[in-house]
Amino acid sequence: MVDKDLDDEQSLVVGGKRGGRFFNTDDRLLVIVPHSDDEAFGCGGMIARALAEGCRVKVLLATVGQVEFYHKGVVTEETRVDEFKRSMKTLGVTEYDILFPGKESFLDTIPQKEMIKAFDDQMEYMKSTMVFIPYPSAHQDHRAVFEAGFAACRPSADMTYRRVVAVYEYPYVVHAWQEVHGGGLYIDIEDYIDRKIEALKCHESQIRRENHLFSPETLRMWAEMRGREGGLKYAEYFRILRMVV
Ligand SMILES: [Zn+2]
């Protein structure tokens, strides 16, 4: 059951203090993330809540690889994988896969057909009832994963188990030229905001100073802002691309 917020046209506010359920105990969520840290930035609260409500959650990490930053220098692939595993543990996720290791920042060089097939196979394998894909932003990897994810979630008479396809955001959506159309979905994460922040902190090589977009402080403010929009204390915001009930 979903609590339809009639005051806020085209948006759903679900769970927590507002009542209503969005997740069923037999739901199987596939969360597709471009990089190690996007799961925490984007939907760490939702993941922790879905698990607490009895759902099965699998996180599919598109790639992880060595990166070089102005603020940190070289960060090895091994470090990033270790941070990802710690984040998974913090969120309570036991099912995850890494699809294309070593392709960080080069996901746009992988043929879309290959990526779509990989996503198709995962959905078919776990019979996903809900699929979450990233908002396309300035980062080419995020656009590649969004486009392949969008294609993989095409209408299919063979995938009648799939009832929700949604896009999650992360702070870099403030620098995106492409708008994703879809109904707004606010998921109450008041009980999971601390876990979300802890998961982000596992990515020590990725987090920045307090006034940066990619900081734990900003992430908390972001969830607070989305919460206020939805009449909640803390929320994560999604765009629903398809929903079948
Ligand atoms: Zn990313």
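Description of the structure in this document.

Rules and cut-offs
- Residues numbered from 1 in each chain as written.
- Predicted model: local features only at pLDDT ≥ 70, side-chain atom pairs only at ≥ 80, totals over all residues.
- Helix = DSSP H or I, 4+ residues; strand = E, 2+ residues; numbered from the N terminus.
- Buried ≥ 20, exposed ≤ 12 C-beta atoms within 10 Å, placed from the backbone.
- Contact = placed C-beta atoms within 7 Å.
- Expected span 1.5 Å × (residues − 1).

### A look at the overall build of the protein chain
Next, step 1: Regarding its fold elements, the protein chain presents six helices and 10 strands.
Next, step 2: When its C-alpha atoms are laid out on the principal axes, the protein chain stretches across 50 × 40 × 35 Å.
Next, step 3: Taken across its 245 residues, the protein chain has 44% of its residues classed as buried.
Next, step 4: Of the contacts made within the protein chain by residues no fewer than 6 positions apart, 76% connect residues no fewer than 24 positions apart.

### What to know about helix α4 (residues 140–152)
Next, step 1: Along its 13 residues, α4 runs 18 Å from first to last C-alpha, staying within 8% of the 18 Å computed at 1.5 Å per residue.
Next, step 2: On its buried side, α4 packs onto β2 (28–33), α3 (112–126) and β7 (130–134).

### Some remarks on unusual backbone geometry
Next, step 1: A positive phi angle, close to 135°, is found at aspartate 37, a residue other than glycine.
Next, step 2: Among the structural elements, aspartate 37 can be located in the loop between β2 and α1 (38–52).
Next, step 3: One non-glycine residue with positive phi stands out, namely serine 105, at about 75°.
Next, step 4: When you line up the elements, serine 105 lands in the loop between β6 (95–98) and α3.

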